[in-house]
Amino acid sequence: VVFQVWVANAPDGEGFHVAKELVQRVLHSETVAGTSFADELADRSVRALIDGTFTEDTGIAHAVATGATTVVAFMSSMHRFYDLFQGGATERSSGGVRSLSYPIFAEQQSDVKQKYEAFERLPMSANSKVLNSVCMGTLSVTTVQNDGFGIAAGRSITLHVIGVSSPLSQGVGEDFRVYATLVAQVVHDFSEAMATPENS
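What this report covers is the structure whose coordinates are included nearby.

1. So, unusual backbone geometry
Here is step 1 of the chain: Not every positive phi belongs to a glycine, and D12 is a case in point at roughly 60°.
Here is step 2 of the chain: By the secondary structure assignment, D12 is in the loop between strand 1 (5-7) and helix 1 (15-27).
Here is step 3 of the chain: One non-glycine residue, S45, adopts positive backbone phi at about 55°.
Here is step 4 of the chain: In this fold, S45 is placed in the loop between helix 2 (35-43) and strand 2 (47-49).
Here is step 5 of the chain: On the basis of relative accessible area, S45 is assigned to the partly exposed category, the value being 28%.

The following block contains the structure:
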């Protein structure tokens, strides 16, 4: 199983195609790639996209760093989200992997947690084995200076948060086919909730 997606600098939306071809040449070559091929990879800036565990895996800090003032975040694990705020752990270790947290917002984690708990929750199917809840809400937050991301202090950011709570992990030891069931359950319950008279 290959988890990462390869991308390269290429015009006309060809970044994924060009990168895939270059990577395939390496994987299927019977000889060691030489300097000229390494230069080609470097010139094209070929890189793997996977997740942000070692930087910031919600994607929110990256979006804010590029200038976004409104961010929609789909969250399945809230501790990384809370790490973006003040008052939490700055270092974690899980499975022998250390990760650091660099808050980018001025608000306190305790306040954000209270607001998140008050978000509107969609009614769920009682017989779901893969979905506990889905909630939605909006937070108005302010940035603090974060040199690692190049974020300046004092920017007003609107966060639209959609939280999905599930007993499934983020992949460790799970049968990947179960995630299709989870997605179907989210779509089903969301569609039913949107069809209720109060949401019509």
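Moving on, there is more to tell.
2. Some details on the packing of aromatic side chains
Here is step 1 of the chain: Considering all chains together, one arrives at five aromatic pairs under this definition.
Here is step 2 of the chain: Arranged with centres 6.4 Å apart and planes meeting at 85°, the rings of Y82 and Y116 form a pair that is edge-to-face. Placement of Y82 in helix 4 (residues 78-82) and of Y116 in helix 5 (residues 109-117) is noted, with a sequence separation of 34 residues between them.
Here is step 3 of the chain: Joined through ring pairs, the aromatic side chains of F81, Y82, F85, F105, Y116 and F119 make up one cluster.

3. Here's the deal with the sheet that holds strand 3 (residues 70-75)
Here is step 1 of the chain: An order of 3-8-7-6 is seen for the four strands of this open sheet, with the pairing classed as mixed. Looking at strand neighbours, the two that pair on one side only are strand 3 and strand 6 (120-121), the edges of this open sheet.
Here is step 2 of the chain: In terms of strand pairing, strand 6 meets strand 7 (residues 133-142) through two bridges, oriented antiparallel. Paired with E120 across the two strands is M136, which belongs to strand 7.
Here is step 3 of the chain: The strands that helix 5 touches are strand 6, strand 7 and strand 8 (156-165); relative to strand 7, the one it contacts most, it runs at about 140°.

4. Structural notes on helix 5
Here is step 1 of the chain: Within the span of helix 5, buried status applies to Q109, V112 and Y116. Projected down its long axis, helix 5 carries its buried residues within an arc of 65°, all on one side. Facing away from the buried surface of helix 5 by more than 90 degrees, the exposed residues are Q114 and E117.
Here is step 2 of the chain: Its buried side turned inward, helix 5 meets helix 4, strand 6, strand 7 and strand 8.

5. Topic: the environment of F176
Here is step 1 of the chain: Within the secondary structure, F176 is located in the loop between strand 8 and helix 6 (178-194).
Here is step 2 of the chain: Along the sequence, F176 and V187 sit 11 residues apart, while their C-alpha atoms lie 18 Å from each other.

6. Focus: the nonpolar core
Here is step 1 of the chain: Counting residues in each nonpolar core, the largest one holds 24 residues, and the members touching the most others are I60, F81, F105 and L159.
Here is step 2 of the chain: Elements represented by at least two residues in this core include exactly helix 3 (60-65), strand 3, helix 4, helix 5, strand 7 and strand 8.
Here is step 3 of the chain: Not counting chain neighbours up to four residues away, the residues in contact with I60 comprise V71, A73, F81, L84, F105 and L159.
Here is step 4 of the chain: The next biggest cluster of nonpolar side chains, apart from the first, holds seven residues, and it includes V130, V164, L168 and L182.

7. What about the pairing of strand 8?
Here is step 1 of the chain: When strand 3 meets strand 8, the two strands line up parallel, connected through six bridges. Each residue of the ladder has a partner; that of A73, found in strand 8, is V161.
Here is step 2 of the chain: Two elements, strand 7 and strand 8, share 10 bridges in a ladder whose sense is antiparallel. Looking at strand 8, one finds that M136 is bridged to I162.

Scoring rules and cut-offs
Residues numbered from 1 in each chain as written. Predicted model: local features only at pLDDT ≥ 70, side-chain atom pairs only at ≥ 80, totals over all residues. Heavy atoms only, no water. Helix = DSSP H or I, 4+ residues; strand = E, 2+ residues; numbered from the N terminus. Buried < 20%, exposed > 50% of the residue type's maximum accessible area, 1.4 Å probe, protein only. Phe/Tyr/Trp six-rings, centres within 6.5 Å; stacked < 30°, edge-to-face > 60°. Pairing = 2+ DSSP bridges. Contact = heavy atoms within 4.5 Å. Axes fitted to C-alpha atoms, helices over the stretch in contact; angles between N-to-C directions. Arc of directions from axis to C-beta. Core = buried A, V, L, I, M, F, W, Y, C linked by side-chain atoms within 4.5 Å.

Don't take any of this as a statement about function, it's just geometry.
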